[in-house]
Amino acid sequence: MTEILPPEIIEQLKTKLETEEKTIREELEAIATKNPRVKGDFTVAYPEFGNDVDPDEGADEVEEFANVLALEQRLEDRLNHITAALTKIGEGRYGVCDRCGKPINLERLEAMPEAATCRSCQ
């Protein structure tokens, strides 16, 4: 496939993606454990503040878990998009919309290098 973006631009975006991938993995590892059976999947452990029967403490545990679970899901989703973009770079398919097959605008890729669709298809 003919490259739509110049190689030096692709390399810059690849570096940006790899840096973001590392940061997200570190953030995920701080709040969750990696699932060894499913690639790219992390699991959040339920927080244990104590064994007291205090209803306020139980509510705090549930709220904390819900917040961490939501964060884990957002980070995992972003990590999966970044991984897909890096795979596309390796296969020479980066910068092409997954839906319509047209080039993704460079400004969009610079703002969100993991973008899989053009602005029209988003």
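Residues numbered from 1 in each chain as written. Predicted model: local features only at pLDDT ≥ 70, side-chain atom pairs only at ≥ 80, totals over all residues. Heavy atoms only, no water.

Q: Whenever I open this one, the overall build of the chain confuses me. Can you help?
A: For the chain, the helix and strand inventory stands at 3 helices and 2 strands. In the chain, buried positions account for 33% of the 122 residues. A sequence separation of at least 24 residues applies to 49% of the contacts in the chain between residues at least 6 apart. Summing over all exposed atoms, the chain offers an accessible surface of approximately 8,100 Å²; the carbon and sulfur share of this is 51%. (Helix = DSSP H or I, 4+ residues; strand = E, 2+ residues; numbered from the N terminus. Buried < 20%, exposed > 50% of the residue type's maximum accessible area, 1.4 Å probe, protein only. Contact = heavy atoms within 4.5 Å. Areas by Shrake-Rupley, 256 points an atom, 1.4 Å probe, with all protein chains shown as cover.)

Q: Can you help me understand the pattern of salt bridges in this one?
A: Opposite charge on two side chains allows them to pair when their charged atoms are near. With the rule as written, the count across this model stands at 6 salt bridges. Here E21 ties to R25 by a salt bridge, and the two come within 3.4 Å at their closest N and O atoms. Here E21 and its partner R25 are both found in helix α1 (residues 7–31), 4 residues apart, which amounts to about one turn of the helix. Residue classification places R25 among the partly exposed positions, given a relative accessible area of 27%. Ionic pairing is found between R93 and E91, a salt bridge with its closest N-O pair at 2.6 Å. What makes R93 partly exposed here is its relative accessible area of 37%. (Salt bridge = Lys/Arg side-chain N within 4 Å of Asp/Glu carboxyl O.)

Q: Teacher, can you tell me more about the environment of C118 here?
A: Tracing the backbone through its elements, the reader meets C118 in the segment after α3 (106–111). Its relative accessible area of 8% is what places C118 among the buried residues. Through-space distance from the C-alpha of C118 to that of C100 is 8.2 Å; in sequence the pair is 18 residues apart. Contacts of C118, omitting those with residues within four sequence positions, involve C97, C100, P103, I104 and R108.

Q: I keep staring at the confidence of the model for the chain and nothing clicks. Help me out?
A: Detailed reading of the predicted coordinates is not advisable wherever pLDDT is low. Taken residue by residue, the chain gives an average pLDDT of 86. The fraction at 70 or more is 86%. Mean pLDDT across the secondary structure elements of the chain bottoms out at strand β2 (residues 42–43), with 76, and peaks at α3, with 96. (pLDDT = per-residue confidence, 0-100.)

Q: Looking at this model, I keep getting lost on the environment of E20. Mind explaining?
A: Within the secondary structure, E20 is located in helix α1. Judged by its relative accessible area of 26%, E20 is partly exposed. Considered as a pair, E20 and L79 are 59 residues apart in the sequence and their alpha carbons are 8.4 Å apart. If near-sequence neighbours (up to four positions away) are discounted, E20 is found in contact with R78 and I82.

Q: How should I be thinking about the nonpolar core in this particular structure?
A: Grouped burial of nonpolar side chains is what soluble globular proteins tend to show. Residues L17, Y94 and L109 are the most contacted members of the largest nonpolar core, which totals 24 residues. Listing elements by their share of this core, those giving two or more residues are α1 and α2 (55–91). Setting aside its immediate chain neighbours within four residues, L17 contacts I82, A85, L86, I89, Y94, P113 and E114. (Core = buried A, V, L, I, M, F, W, Y, C linked by side-chain atoms within 4.5 Å.)

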